[in-house]
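# Structure assessment
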Amino acid sequence: MTSVDKAIHWDPYNPAYFNNPHPVFTRLREEAPVYYNEEYDFYTISRYEDVQAGLADYRTFSSSRGDILEFIKANNPVPPGVFIMMDPPVHTAYRSPLTRFFTPKRVASLEPQIRDFCAKSLDPLIESGEFNFIENLGKEMPMRVIGMLLGVPEEDLKTVQSDADAKLTTEAGKPMDLTEHTFVGAGFEDYIDWRMKNPSDDGMTEMLNLEFKDETGAVRKLTRDEVVIICSMLGAAGNETTNRLIGWTGKVLAEHPDQRRQIYENRALIPQAIEEILRYEPPGPSVARYVAKDVELHGVKIPEGSSVCMLVAAANRDGRKFANPNKFDIQRERLPHLTFGQGFHACLGNALARIEGRIALDEVLNRFPDWEVDLDNAYLTSTSTVRGWETLPAYTSKAKRRPGGKKAAQAAPQANTPAPIPGAESWKLTMKTPMGPQEMTAHLVRKGDALTGRLDSPQGSESISHGKISGNTLTWTVSVTKPAPMQLGFEVQINDNALAGHAKLGAFGKADIVGERISS
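To continue, consider the overall build of the protein. Tallying secondary structure elements over the protein gives 17 helices and 23 strands in all. Relative to its 520 residues, the protein shows a buried fraction of 55%. As presented, the protein carries roughly 21,900 Å² of accessible surface, and 50% of it is formed by carbon and sulfur atoms.

Take a look at the structure:
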C-alpha cells in the first residue's frame, strides 16, 4: 500500500506505545510508509531507504526550525551555536571547528578516566549483588565525561550542575527568558568566564581559542555565548544518548543471556554488541524535520510547511536492509544503522557515546557476569524524540532479594505512585499544548497567600514551587526535564469548581489550561 492508511495509528505521546512500539512500526513500514497523524498534524516516514535519504536532503527536510516535533511546531528562533538545529552553510561553519575538537585521539585518551569512574561507582556494589544501570552509571557518566573532555574538575562540575538547575527558575506568571542558555540548558557560564581569564592546557581553553570561518566568510573565534551554548548542548545531547544506551544494554543483554555470556568470554565482541544494541533499541527512536518544499513519497504528497518525524527505530528494523531484523544478534553482518543520523548531520559525539557504551559494558561484566533486571521496579519513559529507562534495577545471584515477577515494564509503576498530600484539593487539568491536549492532576494546598503542592502527569510527578495566591488567581512553577530542561510557569483563575488559565512552556510557547475540581 502506498497511500496513507488511516486504520494504522501511531502517536509518540501515547503511553500505550512506550513499552514496545515495534509492532506498529512494522505496520507503518509495510502498509503506510508515509503516515499522517491528523491529531497532531505531522507525517512519518519509516523505511530505511527513505529515512536515510531524508536525513541527507536538507533542502527538502530542513533542521532550521529544530529537530524535535515540539520545537518545529513552536517555531521559535534558534540561538547562534545550536548547530544541530541549523542547515548548511551555517551548520557547516559551526561543526567544522568542533570536529577538530572531537578527534579520535582525544576521545581515546579519556578511557582511563572513564574506567576509573566506573570502578568507583560499581566496586562498592559487588558484595550486595544489586546495582542500577541508570542510577549507578547512566545518570552520572555522560556529564562526567563531558567534564573530562572539557577539562572541568569534578568539584567544579558539581557547581556547574547545580547552577544549571538554579538558572531554570523563573518568576511565577512571567514568560521564561529564552536566551541562548535557557534554550538548551545552562550551568557552564561561570566556569567559562573563569577559564577565559585563567587559560590552561585543557579542552575548554582549546575550544575558546578555536578559529573557524563562519557563514559570512569571516575568520574568528567562537564567542563566549556560543561556547556556553555548545557546552550545554553537548552535555544535554550526550546525557540523552549515553544514559539510554547504558539502560538498553542492561535490558537487552538480560533478555539474551547466551549472547551476554559470549561477550563475557570474548571481550572483542563488545564493539559489535554495542552497535547491535544501538540498532535494536536506539536511544533516539525518531528525529523531526521541517518540510521546506513540497515532496511526494510512495504516492503521498507532503506539503511545504509540514513537520515530518523520521522513524529511525523503524528504519533500523527494515527487512529490506537487515536480515531477520527483529532478532537481536551480535554476530549479524555489520551494516550501517541510522541511530546516529546520516551524512553532515551525523551525531558529532557518536565516537564518544560508543566508547562510553563499550567501557560501561566491559566494566559491568568485570564485576557482574550475569544479571537479571527487575522490570517490576523499572521505569520506562518515551517522548517524541527519546525512549529509555529512568531507572533499571538489576540483581545477580549474590543478591539477598530477587526481582519480582516477569511482567512487562510499566510506564508508571505502582511503586512510584506519589503519596497523597494532606489538606490538598485536587484538580483535573487539561493543558492544550502545541502538540495536543495533555492531561494532568494538580494537588494544591492553600495557606494564606502561599501555595504548595504537586503536579502529576504521565511523565511523572513534580513539586510546585514559587506558589502564590492573589484573590482567586493562583500562580506557580514546575521544573521539568522533558523534552528539554525548563521551568514552566502557571497562572490560573478559580471560579467555584472550575479553573481556567495558561502556562508558559519555555521554548514551546504558551498553552491554555482548563480544569475541574475532583476533591477538596
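Continuing now.
Time to look at the pairing of strand β2 (residues 42-45). Residues Phe-42 and Thr-44 of β2 are buried on one face, and the alternating residues Tyr-43 and Ile-45, pointing to the opposite face, are buried as well. Judged from the four bridges that link them, strand β1 (residues 34-37) and β2 form a sheet pairing that is antiparallel. Pairing of Val-34 across the sheet is with Ile-45, part of β2. Between β1 and β2, which follow one another and run antiparallel, lie four residues, and Asp-41 among them has a positive phi close to 60°.

Turning our eyes to something else, we now look at the pattern of salt bridges. Close approach of charged atoms lets side chains of opposite charge pair. What the rule picks out here adds up to 34 salt bridges. The residue Arg-367 makes a salt bridge to Asp-123 at a minimum N-O spacing of 2.5 Å. Taken together, the positions of Arg-367 in helix α17 (residues 350-367) and Asp-123 in the loop between α6 (111-122) and β4 (130-132) put the pair 244 residues apart, joining distant regions of the chain. For Arg-367, a relative accessible area of 16% puts it in the buried group. Where Glu-140 meets Arg-144, a salt bridge forms, and the shortest distance between an N and an O atom there is 3.2 Å. Three or more residues are tied together by salt bridges with common partners; here these are Glu-111, Arg-115, Asp-123, Arg-267, Asp-362, Glu-363 and Arg-367.

What follows is about the packing of helix α13 (residues 224-255) against helix α14 (residues 257-265). For the pair α13 and α14, interaxial distance at closest approach is 5 Å and the crossing angle is 110°. When the interaxial angle is binned, α13 and α14 end up roughly perpendicular. Here α13 contributes Leu-253, Ala-254 and Glu-255 to the contact with α14, which in turn contributes Pro-257, Arg-260 and Ile-263. A per-class count over the contact of α13 with α14 returns four nonpolar, no polar and two charged.

Volume-wise, the second largest pocket comes out at about 270 Å³. Around the second largest pocket sit 13 residues that line it, and Gln-113, Phe-117, Arg-144, Met-148 and Glu-154 are the ones nearest its centre. Secondary-structure elements contributing two or more residues to the lining of the second largest pocket are α6, α8 (141-150) and α9 (154-166). Here the lining of the second largest pocket takes five residues from α6, the largest share from any one element. Of the residues contributing to the lining of the second largest pocket, the split by class is five nonpolar, four polar and four charged.

Counting 80 residues, the largest nonpolar core has Met-204, Met-207 and Trp-371 as its most contacted members. Looking at this core, the element that brings in the most residues is α13, giving twelve residues. Not counting residues within four places of it along the chain, the set of residues in contact with Met-207 comprises Leu-98, Phe-101, Leu-150, Leu-222, Val-227, Ile-230, Cys-231 and Leu-234. One finds Met-440, Leu-474, Leu-488 and Ala-511 within the second-largest nonpolar core, a separate group that totals 23 residues.

Read from one edge to the other, the open sheet built from three strands follows the order β4-β14-β11, with strand pairing classed as antiparallel. In this open sheet, the two strands that pair with only one neighbour each are β4 and β11 (372-373). Across three bridges, β4 lies against strand β14 (residues 393-395) in antiparallel orientation. If you follow Asn-132 over to β14, its bridge partner there is Pro-393.

Moving on to the sheet that holds strand β7 (residues 287-291). The strand order across the open sheet built from five strands is β1-β2-β10-β7-β3, with neighbouring strands paired in mixed fashion. Both outer strands of the open sheet, β1 and β3 (61-62), are each paired with one neighbouring strand and no more. Pairing geometry for β3 and β7, over two bridges, is antiparallel. If you follow Phe-61 over to β7, its bridge partner there is Val-291. Docked against the sheet, helix α2 (residues 48-56) engages β2, β3, β7 and β10 (307-310), running at close to 125° with respect to β10.

In the case of a regular strand, side chains alternate between the two sheet surfaces. In this structure, strand β17 (residues 450-457) lies alongside strand β19 (residues 465-470), joined through two bridges in antiparallel fashion. In the sheet register, Leu-451 faces β19, and the bridge partner there is Gly-467. In this sheet, strand β20 (residues 473-480) lies alongside β19 in antiparallel orientation, the contact comprising four bridges. Bridge pairing in β20 places Ser-470 opposite Thr-473. Linking β19 back to β20 in an antiparallel pair, the connection comprises two residues, with Gly-471 at a positive phi of about 65°.

About the criteria used
- Residues numbered from 1 in each chain as written.
- Predicted model: local features only at pLDDT ≥ 70, side-chain atom pairs only at ≥ 80, totals over all residues.
- Heavy atoms only, no water.
- Helix = DSSP H or I, 4+ residues; strand = E, 2+ residues; numbered from the N terminus.
- Buried < 20%, exposed > 50% of the residue type's maximum accessible area, 1.4 Å probe, protein only.
- Areas by Shrake-Rupley, 256 points an atom, 1.4 Å probe, with all protein chains shown as cover.
- Pairing = 2+ DSSP bridges.
- Salt bridge = Lys/Arg side-chain N within 4 Å of Asp/Glu carboxyl O.
- Axes fitted to C-alpha atoms, helices over the stretch in contact; angles between N-to-C directions.
- Parallel < 35°, antiparallel > 145°, perpendicular 65-115°, else oblique.
- Contact = heavy atoms within 4.5 Å.
- Nonpolar A, V, L, I, M, F, W, Y, C, P; charged D, E, K, R; others polar.
- 1 Å grid on protein atoms, 1.4 Å probe; cavity = no way out; pocket = protein on both sides within 12 Å on 5 of 7 lines; lining within 4 Å.
- Points joined across faces, edges and corners; volume = space filled by probe spheres on them.
- Core = buried A, V, L, I, M, F, W, Y, C linked by side-chain atoms within 4.5 Å.

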